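Examination of the molecular architecture
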Amino acid sequence: MATKQVLKGLSPEELKSFFQSIGEPAFRAKQLYSGLYKNRYSSFSEFTSFSLGLRQKLEETAELPSFQVHKDLQSKLDGTRKFSFIVGEQREIEAVWIPSEDGNRKTICISSQVGCTLACEFCATGKLPFKGNLKAWQILEQVLMVEKLSGEKASNIVFMGMGEPMHNYHSVMKAASILSDPDAFGLGTRRITISTSGDIKGIERFIRKKEPYNFAISLNHPDPEKRGDIMGIDKKYPLEDLIEAARNFTRTLNRRITFEYILIPGVNMGQENAKKLKRLVSSLNCKLNLIPLNTEFNGWRRPTESEIEEFREQIKASGVPVMNRRSPGKDINGACGMLALKG
Ligand code: SAH
Ligand code: SF4
């Protein structure tokens, strides 16, 4: 039997070609597209505007695959919920539902790869064997599944789960375009954030294509001699070049860039590092997100509240907006860098 065409994750044009290939008019593509992503239909039987004959034809030639839910963990500390899904043999990915305290913002953190090749020293995902890129439909399916399981719709999406989005550029952007398409999920482009560990080739591509999404770079260390100790990618794309790429982003697109900065006591905190970081960020149109370390690898520990505050105060003098990111779902390993930890 011929393999069935997966209809999730296809662009409207690709869907048109599919319908033409089975001898159906092109306008069916639009109906299927909005049925999947506006109405969140998950099976052909829900497309009641299609004739029985067409639904049967679709069953025979195409499919709407989904994932099996492996874990569903609810935080006792806040509303965070972490899910893991089976996406193929020995392949598991995670996505996290993160409602804000005031309930206004409902963020889903999604994965772009199964594991990650970059193995940053502080990150749990990097400790897993890398098992490949996710397809566009598998990226979107995380959103559909989390919404279905939580019974609510997301207001924001962040590509900050497992994987390096720039290493799966095409599928990530395809998924993002469907998430932002008014005929599909209809999320504003600035409600979608894509984060990179500093892959300059990917950053340049993002600039060249004028991608409209929020963009974040995981800076994590302000010292060109030391960043490479915690992030292997720095050896390929050194800090000075990364800052130039960020500057190019802000100038060419005339937009602010976000830097993420993990806080690891004894590694990248303290006055010297604060000074260096201040110098770096004050020369750029950017904002800074401080993320307290969540894991305890390498004998490292999480920073205390007063250490976080002290560091933040030092940076604030630069005039750059500094956000202190909460660490949601700590008890279920749902926070940044904890995906792939047990439980
Ligand atoms: N690979 C991409 C996106 C996923 S990681 C990237 O590195 O940007 C998302 C964010 O989680 C990054 O900013 C990363 O620095 C942060 N992070 C990773 N491990 C962490 C940990 N143990 N504690 C806190 N933040 C962590
Ligand atoms: Fe990969 Fe990002 Fe984790 Fe580094 S921090 S190992 S790039 S997922």
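An account of the accompanying structure is given in this report.

Here the focus is the side chain of Glu24. Locating Glu24 in the fold gives a position in the loop between helix 1 (12-21) and helix 2 (27-37). Polar contacts involving the side chain of Glu24 include one to the side chain of Lys57, which spans 2.9 Å. Not counting residues within four places of it along the chain, the set of residues in contact with Glu24 comprises Phe19, Leu54 and Lys57.

Before going further, it helps to examine the site of ligand 1. In the region of ligand 1, 22 residues are neighbours, and Phe122, Gly163, Ser195, Ser218 and Thr295 sit closest. The backbone of Gly163 places a nitrogen or oxygen atom 2.9 Å from a nitrogen atom of ligand 1. At a separation of 2.9 Å, a nitrogen atom of ligand 1 approaches a polar side-chain atom of Thr295. Out of a free accessible area of 530 Å², ligand 1 has 96% covered by protein chains. Counting residues per element, the ones that place at least two in the shell around ligand 1 are strand 10 (192-196), strand 12 (257-263) and strand 13 (286-292). Residue composition of the shell around ligand 1, grouped by class: 10 nonpolar, 10 polar and two charged.

Turning to helix 6 (residues 200-208), a few remarks are in order. Helical geometry: 3.6 residues make up each α-helical turn, so side chains three or four residues apart lie on a common side. Residues Ile200, Gly202, Ile203, Phe206 and Ile207 constitute the buried set of helix 6. Viewed end-on, helix 6 has its buried residues packed into an arc of 160 degrees, placing them on one side of the element. With respect to the buried face of helix 6, the exposed residues turned more than 90 degrees away are Lys201 and Arg208. Buried residues along helix 6 sit against helix 5 (169-180), strand 10, strand 11 (214-218) and helix 9 (239-252).

Scoring rules and cut-offs
Residues numbered from 1 in each chain as written. Chains lettered and ligands numbered in written order. Predicted model: local features only at pLDDT ≥ 70, side-chain atom pairs only at ≥ 80, totals over all residues. Heavy atoms only, no water. Helix = DSSP H or I, 4+ residues; strand = E, 2+ residues; numbered from the N terminus. Polar contact = N/O pair within 3.5 Å; in protein donor to acceptor, adjacent residues only side chain to side chain. Contact = heavy atoms within 4.5 Å. Near = heavy atom within 4 Å. Areas by Shrake-Rupley, 256 points an atom, 1.4 Å probe, with all protein chains shown as cover. Nonpolar A, V, L, I, M, F, W, Y, C, P; charged D, E, K, R; others polar. Buried < 20%, exposed > 50% of the residue type's maximum accessible area, 1.4 Å probe, protein only. Arc of directions from axis to C-beta.

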